[in-house]
2 protein chains.
Amino acid sequence: MAEAQQRVYAFGTDAQGNNVTEGNAQMNYILGGKGANLAEMAQIGLPVPPGFTISCQTCVEYSSADNTFPEGAVEEIQKYRADLEERMGKRIGDDEDPLLVSVRSGAPFSMPGMMDTVLNLGLNENSVQGLIKQTGNERFAWDSYRRFIHMFSNVVMGVEDDYFEDAIAAKREQYGAKNDSDLTADQMKEVVDEYKKIFSEQVKAEDYPQLVVDGEVAFPQDPDTQLMLAIEAVFNSWNNDRAIIYRKQNKIADDLGTAVNVQTMVFGNKGDTSATGVAFTRDAATGEKVFYGDYLINAQGEDVVAGIRNTSPIEDLKHTPGLEQVGKDLEDVFVLLEKHYRDMMDIEFTIEQGKLYILQTRVGKRTAVAALRIAISMVEEGLISKEEAVWRVKPDQLDQLLHPQIDQKAEKNVIASGLNASPGAAVGECVFSADDAVAATEEGRKVVLVRWETTPDDLGGMIAAEGILTSHGGKTSHAAVIARGMGAPCVCGVEALRIDADKKEAAVAGTDIVLHEGDIISIDGTTGELIYGPVKLVEPELTGDLDTLLTWADEIRTLGVRANADNPEDAKLSREFGAEGIGLCRNEHMFLGDRKQIVADMILAENGSDEYMAALDKLYEVQQGDYYEMLKAMDGLPVIIRLLDPPLHEFLPAPRDLAIEVAVGEAKGEDVTETAELLEAADAQAEINPMLGLRGCRLGIVMPGLNAMQVRAIAAACAKLVKEGRDPHPEVMIPLVAMESEIEFVRGESEESIAEVAESEGVDLSFIQIGTMIELPRACVCADEIGKHADFFSFGTNDLTQTTFGFSRDDVEGKFFGDYADMGIMKVNPFATVDDGVIKLVDQAVRGGRSANPDLGLGICGEHGGDPDSIAKFHKVGLDYVSCSPYRVPVARLAAAHAALADKEFKVDK
Amino acid sequence: MAEAQQRVYAFGTDAQGNNVTEGNAQMNYILGGKGANLAEMAQIGLPVPPGFTISCQTCVEYSSADNTFPEGAVEEIQKYRADLEERMGKRIGDDEDPLLVSVRSGAPFSMPGMMDTVLNLGLNENSVQGLIKQTGNERFAWDSYRRFIHMFSNVVMGVEDDYFEDAIAAKREQYGAKNDSDLTADQMKEVVDEYKKIFSEQVKAEDYPQLVVDGEVAFPQDPDTQLMLAIEAVFNSWNNDRAIIYRKQNKIADDLGTAVNVQTMVFGNKGDTSATGVAFTRDAATGEKVFYGDYLINAQGEDVVAGIRNTSPIEDLKHTPGLEQVGKDLEDVFVLLEKHYRDMMDIEFTIEQGKLYILQTRVGKRTAVAALRIAISMVEEGLISKEEAVWRVKPDQLDQLLHPQIDQKAEKNVIASGLNASPGAAVGECVFSADDAVAATEEGRKVVLVRWETTPDDLGGMIAAEGILTSHGGKTSHAAVIARGMGAPCVCGVEALRIDADKKEAAVAGTDIVLHEGDIISIDGTTGELIYGPVKLVEPELTGDLDTLLTWADEIRTLGVRANADNPEDAKLSREFGAEGIGLCRNEHMFLGDRKQIVADMILAENGSDEYMAALDKLYEVQQGDYYEMLKAMDGLPVIIRLLDPPLHEFLPAPRDLAIEVAVGEAKGEDVTETAELLEAADAQAEINPMLGLRGCRLGIVMPGLNAMQVRAIAAACAKLVKEGRDPHPEVMIPLVAMESEIEFVRGESEESIAEVAESEGVDLSFIQIGTMIELPRACVCADEIGKHADFFSFGTNDLTQTTFGFSRDDVEGKFFGDYADMGIMKVNPFATVDDGVIKLVDQAVRGGRSANPDLGLGICGEHGGDPDSIAKFHKVGLDYVSCSPYRVPVARLAAAHAALADKEFKVDK
């Protein structure tokens, strides 16, 4: 038989004051965060009220055995309960000097307010008398008892709060009491009777046969029954709805379970030398090195939180008569804790009749600004290393610092909400088309572009707008991706919006509001809120601390960071944010806007005809300048330029619209010949699955001269820059390669174009690199063949995710990701964090590519390049760099440093 | 310095009659097929006119060096020419006894008529006199000379035939001659003068400066010049257009090159003891063991082919006065050759004044029927083993035997052609909709369904029709795939068809023909022809030989063969063809037809609502019967039933049609509320990339109860069969699994459903297998996780090809496969033969799956299951079986045997 595992662990002192603690801070997967830190504090001699912790594993076993305790667990709990009574020299339920305990949850990761707590456990008809004897305060005792009945009934038995609120309100009315505190001891005793009656009425005998006394359910008098029911309630709370939702939002595993802490009660409400409070060892908002917190004299913890009485600032404590020493002791505790944990700590304490107890400590939550400040100053103080400082700041936190934010103090009228697709906030007039957005901004007006969903055609309008709001599409919809790429705030998938773009208005379902063009709205891309009217914004700041930390991060990381930028402005911005090059310049916009007509002419002409070649020539002329500006902005740094990728029908009107126009025109007897012809052309280009159609390198192979034109324009721009004494580093990227023969062909064509320009301009252009975007499974498994013809690979993980899973994000995110997430089938959105199956293919491609070309450059330019979890995986698989949107560059720099530190163990978890 | 490779090889005897041959039959990659067999025949003592062969490698070097001979090659040729003159005791161009030679191409693979030949080389003003002296036949000499000038001018110099035809016609007119043979020697000499004049006029001095004499181009008199120009012409012919096209069609590599055979001329036209002929050692049409062929007395080879004179059957030869012995000798040659080559041989021979010469032999081409007969009788004769007999018959040939064919003797009016998408022929009335097809067949009429392209909705009509004809789509379009699956003839992508389905007519571009409903047409799916009017058909026969050979194949193969069949009729047929189970039963049709409305009701109802559940219940009732019939038909054999796979919008009307209806209705002021509502529902289900949307297992996971319903219906059908004493073996296949969690969920649901039915029916149903279709790259790379929950994997290589390459066959086959093939970027259509990149993923999945479950069953049910080249790859990767359409089962059985034999070396290549 296997050795039975330990399920319960003691903490605190015994009757002789000896430390009998069995755990420590490292044991948080067993004891939960709270239990582990209680043990740790007891180990370092801090005054922790004694108790014991039931392990998380017990919870897991209990849950998976259909809410039954594992063998031996109940006996072990009883033993530790008896032991605690012995250590305290008191018995639970005793009528002379009763021991009261709290029963609290405590999971390995903090889940504030998500699970249940029961205080004052152990009170019954006998022990309430014992409490009176001990405190000499009858009212306090009855008040504690009625609080316990209420809390136990609600938390453990699920009786609605309202019954108790109504009952005590009735009592107040009966006695003309304004507040509960105005009720006398006797009156409070009556409340207890009322509460017990509610308990008997509301708890069903069939659910709790063990509580039936004389044929009626009665409030349990047996302390063991109270304790075991409370423990079960805490275990069950692990799987209540709000806990499940919280875990999903915070990516906490469902199978960790929660521990239960059973701890001796101490009372901050035993008179003027009693108090309770919460504190941080530094300012959690700014990171300033000051003790920071609040307390209340003669109060219980819940009173501080409830905010009924005004709290005092923590620095006043040591000036409070009778509490001077305790105030100083507390400051010593702060210093000791910081030194011990080497981090800013969050503390709950109670002073019971002049004696200080620490009820809880944990690493304090903090704003991004504070996280930076604290990490940097702790390095200065010699508490932690630079590496640990970098490790302490979460990459995702930086996002808060990099976008304009809604002023939290501002009033706002939230009328609908959607997905928080791209962080930051925007205020502007509603416009319902990209053209209107452009026109309005040219007049100097600020606008929010409101669309059903955006398309590549909307790009100009999206650039012009302050922010983007859509009624459809998920977090990786076109609007969301482009917005994040531009660093523009975006709220998408606001289902309540009923947009009528023709009428230039949008009704908001569930309200009387109809937004018209020109109406001011605000959107918060960080929360997903749509706000009626303007709201005050605060601008992002790249503070000195951020710069310092990122410089340290740069020293640590081995993974390079580039940016995805399609125009010189974004390129410059990304340089400012520390990008070491451009990992993806999509040249689509060089084919859109006023050039769209040229492209349409080219498509409608016969391949290779005079009209076709003329259109190509026109594009060559204009594109040269585009590439020149881009390469100039990134002088001295590499710039990957992707050859034209999107399918041709994106340059033509939508067939359905044309078909309707034709049908309606015919019905009206109009001449629709021209539209019908355009429809025919558009239908010819239309594809059933455009994602899997004639696009990427296929396009440039099938359309004669299309690739050569682009490469010639890049080469010509280089020649001009070289002659100007500059240092361009373009890398021509061939998209969507599946076969060796494709890259071989396009590379050959490209090399010819480069040689032509080098020859005619008399400039050496051999520095131009040629590589490919790896975004198809076939390219990954055949990388050893493709790598022979590539100077670099850049992983297009968006498309690779789509083809690896066989789903298109346009189609499936809204349709089944929600269900899949709810059913636990898909735990992480693979478009947000790169999937491990996709990573296996990336890994094969890395190995295959390097075997063919040991000097192969390896990067990733998909959306995942800005996601910290993905960056860690890319680091592991051995890429040279990640590339992300300019605004994500600081995040990626920090995440890359974290990836490099992942194998290091720091004393405290991040 | 490396040893120079040998470039020229002698064959035949020397002056003393000793064999000086340097090659043999195994050297066909060096000597070409013709040269290798000439050498082999010389080695075994057959009378081959002496000569030499210039290697294929010389051609390759010549072509890649921009048509320049490699160093030393010219000298080596000259040496072998001189040697040949010495062996023959004659000199080329000699005015007493000139040596004449033929110069012929001969590639490693037979490319009949694709490349060039020059006869009578060596004739000039001098040697024509020598020829007169030797033959005493002045007319013969001048006729030979004028033939040589014509052939040389046309083949070597590219002068059009017409000039020569016109000149000799003028001469005939001048002298009142009816035929060329009526021209006298002197008149023929005048023709020679005319021909030389044409040569001088048509050949440009700048192209051939070496031919300029006295400022004018003259027909080359120097035999060396003639020879080298002729050799270069043969080399160049390797890259002429028709050779390139032939190679592409026949999958022959472009880099093999052709050899050149320079061989002493012998003449079958030297009087009545001279003759020329071609023969097969057995009947090439039936395989019967008879000598088979034709000859002409006093004629040259080209006369036999030209068909001007009636040939005599070969058996007459030995009864021809003066040729009795030669006739018997020839039969001895036939016997010797068959015994030596152990195959049916094709022979060209010439008799020059009573002496027999063999000019060429090769393995004879034969019909499928003959291939079977010959292989089997050679086993009976002890010439070859059963294994070799199986190896001799090409799997693809069997296709000819398995579909009704157009009677080759019938007259036919071909009005257009398209792709030969599914073999066999069909005759019937045109119908332009699936409903019309069904209605017509119910009236007992035979129809050909004519559609722009088919959709799953057309299935009923496709089943009803004799054959399918479409104007759009490639060889793996819906129409083509389904037609092959059903064994129905199909011609698709007939671009000349202008179909107006509403008017029920189709114009045929380039003709005046308009096909109306009811007009009779014929289609030949083997050739791709569309024929106006009816044509006589011949029915397929499963002859005893086929059965014999397939039985042998079954003994050899290790790969199992199942069939893809969706209904009991196809299942029965596949059993007859030897299928060992059903590898894929798509249950889509159980949701279509009269059930489509139930499915539409389900989709339009809210998930899980009463209406929704009612629709599910209705489907359960009808599907039980479907599964019962299917499993009954395959009693005792495994049947894989795939759970519902296609996206839901296939069950709703097309949004574009509805949108037009709404717009037109609105324009006319009609009430379109209902249509608008349906449009909204259809739009909600519409997907941008349906291939990558909500389909496969996703559907059954998101739609509550959908999977359970199907599995319950299967289990109920099994319970009924078991109670009837039958032996059902269903295997439930979960489609489109990407993640372990998906199969885990669906398997759990399925097991519950099976257990429920087992419980309620009191029958053990634990024999029902549950597995998954592996058709996504992620499933392949994560097969070790997915395999934990699967009893079997079946590879869906159609979808796997699409996602691995990132292209949808609906979109790309017509769009860029043609260009890709022309440019050499894609040499094989990956939807026809499984791609090696896809195979890498299959291989990973096989290894991953087996590591998780060593008992995992492994098969493939994609279209590739019936393709011999793919079957070889699946054998190699270690699958248990392939599954293909019923009509491909015999092909697959044979191909599987070939795969097992692939490593064996038989003396003669298949």
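Report follows, based on the coordinates. (Residues numbered from 1 in each chain as written. Chains lettered and ligands numbered in written order. Predicted model: local features only at pLDDT ≥ 70, side-chain atom pairs only at ≥ 80, totals over all residues. Heavy atoms only, no water.)

1. Details of the overall build of chain A
In terms of regular secondary structure, chain A is built from 33 helices and 35 strands. Along the three orthogonal principal directions, the C-alpha set of chain A runs to about 105 × 65 × 60 Å. The buried share of chain A, reckoned over its 910 residues, is 58%. About 36,500 Å² of surface is accessible on chain A, with carbon and sulfur atoms providing 47% of the total. (Helix = DSSP H or I, 4+ residues; strand = E, 2+ residues; numbered from the N terminus. Buried < 20%, exposed > 50% of the residue type's maximum accessible area, 1.4 Å probe, protein only. Areas by Shrake-Rupley, 256 points an atom, 1.4 Å probe, with all protein chains shown as cover.)

2. Some remarks on the sheet that holds strand β5 (residues 101-106) of chain B
By way of backbone hydrogen bonds, the strands of a sheet pair with one another, either parallel or antiparallel. Residue and element names in this part refer to chain B. Strand order across the open sheet formed by 5 strands is β1-β2-β9-β5-β6, with antiparallel pairing between neighbours. Whereas interior strands pair on both sides, the edge strands pair on one side only; in this sheet they are β1 (8-11) and β6 (117-121). The mean inter-strand angle of the sheet, taken between neighbouring strand axes irrespective of direction, is 20°. Where β5 meets strand β9 (residues 259-264), 6 bridges bridge the pair, whose relative direction is antiparallel. When the bridges of β9 are listed, Val 101 appears paired with Thr 264. The strands that helix α8 (residues 223-237) touches are β2 (51-54), β5, β6 and β9; relative to β5, the one it contacts most, it runs at about 15°. (Pairing = 2+ DSSP bridges. Axes fitted to C-alpha atoms, helices over the stretch in contact; angles between N-to-C directions. Contact = heavy atoms within 4.5 Å.)

3. As for the packing of helix α18 (residues 544-556) of chain B against helix α33 (residues 889-901) of chain B
Residue and element names in this part refer to chain B. One can describe the packing of α18 onto α33 by two numbers: an axis separation of 8 Å at closest approach and a directional angle of 45°. Comparing their axes, α33 and α18 come out oblique. In the packing of α18 onto α33, the handedness of the crossing is left-handed. When α18 is examined against α33, the residues Leu 549, Leu 550, Thr 551, Ala 553, Asp 554 and Ile 556 are found in contact with a partner set consisting of Pro 890, Arg 893, Leu 894, Ala 897, Ala 900 and Leu 901. Split by residue class, the contact of α18 with α33 holds 9 nonpolar, 1 polar and 2 charged. (Parallel < 35°, antiparallel > 145°, perpendicular 65-115°, else oblique. Left-handed = near helix turned anticlockwise from the far one by under 90°. Nonpolar A, V, L, I, M, F, W, Y, C, P; charged D, E, K, R; others polar.)

4. Details of the pattern of salt bridges
All names here are of chain A. Counting across every chain of the model gives 109 salt bridges over all chains. With a closest N to O distance of 3.3 Å, Arg 392 and Asp 343 form a salt bridge. Of the two residues, Arg 392 is situated in helix α13 (residues 386-392) and Asp 343 in the loop between α11 (324-341) and β13 (345-352); the sequence distance between them amounts to 49 residues. Owing to a relative accessible area of 3%, Asp 343 belongs among the buried residues under this scheme. (Salt bridge = Lys/Arg side-chain N within 4 Å of Asp/Glu carboxyl O.)

5. Some details on helix α26 (residues 740-761) of chain B
With 22 residues, α26 of chain B ought to run about 32 Å at 1.5 Å a step, and its terminal C-alpha atoms sit 31 Å apart, in line with that. All of the buried residues in α26 of chain B are Glu 740, Ser 741, Glu 742, Ile 743, Val 746, Arg 747, Glu 749, Ser 750, Ser 753, Ile 754, Val 757 and Ala 758 of chain B. Against α30 (809-822) of chain A together with α24 (697-702), α25 (706-723), β31 (729-734), β32 (769-774) and α28 (783-786) of chain B lie the buried residues of α26 of chain B. Downstream of α26 of chain B by one or two residues, Gly 762 of chain B has phi in the positive range, about 65°. (Expected span 1.5 Å × (residues − 1).)

6. Focus on the packing of aromatic side chains
Tallied over the entire structure, the rule returns 45 aromatic pairs over all chains. Ring geometry for Phe 807 of chain B against Phe 817 of chain B: centres 5.4 Å apart, planes inclined by 70°, an arrangement best described as edge-to-face. You can see Phe 807 of chain B sitting in the loop between α29 (797-805) and α30 (809-822) and its partner Phe 817 of chain B sitting in helix α30, a full 10 residues away along the chain. Looking at Phe 807 of chain B, the relative accessible area reads 1%, which means it is buried. Within the aromatic cluster, the residues linked to one another by ring pairs are Trp 142, Tyr 145, Phe 148, Phe 152, Phe 199 and Phe 219 of chain A. Lys 355 of chain A extends its terminal NZ or CZ atom over the ring of Tyr 357 of chain A, reaching a point 4.7 Å from the ring centre. Sitting above the plane of the Tyr 628 of chain A ring, Lys 720 of chain A keeps its charged end 4.3 Å from the centroid. (Phe/Tyr/Trp six-rings, centres within 6.5 Å; stacked < 30°, edge-to-face > 60°. Lys NZ or Arg CZ within 6 Å of the ring centre and 35° of its normal.)

7. Some remarks on the nonpolar core
One broad rule of soluble globular proteins: the nonpolar side chains tend to lie buried together. Residues Leu 549 and Leu 879 of chain A together with Leu 879 of chain B are the most contacted members of the largest nonpolar core, which totals 279 residues. Here Leu 879 of chain A is in contact with Leu 559, Phe 795, Val 842, Val 846, Leu 858, Gly 859, Ile 860 and Phe 874 of chain A, once residues within four sequence places are set aside. Core analysis: the second largest hydrophobic core is formed by 69 residues, Trp 142, Met 188, Ile 231 and Leu 256 of chain A among them. (Core = buried A, V, L, I, M, F, W, Y, C linked by side-chain atoms within 4.5 Å.)

8. Some points on the environment of Glu 86 of chain B
Looking at the secondary structure, you find Glu 86 of chain B in helix α3 (residues 73-88). What makes Glu 86 of chain B exposed here is its relative accessible area of 64%.

9. Comments concerning unusual backbone geometry
Excluding glycine, residues mostly have negative phi values, and the peptide bonds linking residues are mostly trans. All names here are of chain A. With a phi angle near 60°, Asn 120 is a residue other than glycine that sits in the positive phi range. We note that Leu 736 has phi near 55°; this positive angle belongs to a residue other than glycine. Here Leu 736 lies in the loop between β31 (729-734) and α26 (740-761).

10. Observations concerning the sheet that holds strand β32 (residues 769-774) of chain A
All names here are of chain A. In space, the 8 strands of this closed barrel follow the order β28-β29-β30-β31-β32-β33-β34-β35, with parallel pairing throughout. Shown here is a sheet whose adjacent strand axes are inclined to one another by a mean of 30°, direction ignored. Where strand β33 (residues 792-795) lies against strand β34 (residues 857-860), 4 bridges are found, and the strand directions are parallel. Within β34, the residue paired with Phe 795 across the bridge is Ile 860. Relative to strand β30 (residues 638-642), helix α21 (residues 610-633) is tilted by about 150°, and along the sheet it contacts β29 (582-586), β30 and β31.

11. Observations concerning the relation of the copies chain A and chain B
The operation relating chain A to chain B is a screw motion whose rotation component is 180°, with 0.0 Å of axial translation and a residual RMSD of 0.3 Å. Here the transformation between the copies is reduced to the relation of a two-fold axis. Judged by C-alpha distance, Asn 689 of chain A is the residue of chain A that lies nearest the rotation axis, at 2.0 Å. The overlap is high: 100% of the interface residues of chain A also sit at the interface in chain B, so the same surface is used on both sides. (Least-squares fit on C-alpha atoms with pLDDT ≥ 70 in both.)

12. Focus: the side chain of Asp 346 of chain B
All names here are of chain B. Here Asp 346 is to be found in strand β13 (residues 345-352). Taking the relative accessible area as the measure of exposure, Asp 346 reaches 12% and is therefore buried. What Asp 346 contacts, discounting residues up to four positions off in sequence, is Ala 279, Phe 280, Gln 360, Thr 361, Arg 362, Val 363 and Gly 364.

13. A short note on the pairing of strand β14 (residues 355-363) of chain A
Residues and elements named next belong to chain A. Pairing between β13 and β14: 8 bridges, direction antiparallel. The residue of β14 that forms the bridge with Met 345 is Val 363. Taking the residues that link successive antiparallel strands as the turn, the β13-β14 hairpin has 2 residues, and the phi of Gln 353 there is positive, at about 45°.

14. Regarding the interface of chain A and chain B
Taken together, the 58 residues of chain A in the interface contact 58 residues of chain B. Of the roughly 5,000 Å² buried at the junction of chain A and chain B (both faces included), carbon and sulfur atoms supply 62%. The largest per-residue losses of area from chain A upon contact with chain B belong to Arg 656, Leu 692 and Lys 815 of chain A, which jointly make up 14% of the total buried on that side. In this structure, the connection of chain A to chain B is made through 6 salt bridges. Between Asp 683 of chain B and Arg 656 of chain A there is a salt bridge; the shortest N-O distance is 2.9 Å. (Buried area = accessible area lost by both parts, 1.4 Å probe.)

15. Topic: helix α29 (residues 797-805) of chain A
All names here are of chain A. Of all 9 residues making up α29, 9 are buried, and the element is well covered by its neighbours. By the burial criterion, the buried members of α29 are Thr 797, Asn 798, Asp 799, Leu 800, Thr 801, Gln 802, Thr 803, Thr 804 and Phe 805. Count one or two residues on from α29 and you reach Gly 806, which has phi positive near 70°.

16. Brief notes about the state of the cysteines
Per the counting criterion, the structure on display carries 0 disulfides over all chains. Here Cys 782 of chain B stays free of any disulfide, with the sulfur of Cys 780 of chain B as its closest cysteine sulfur at 9.5 Å. (Disulfide = S-S within 2.5 Å.)

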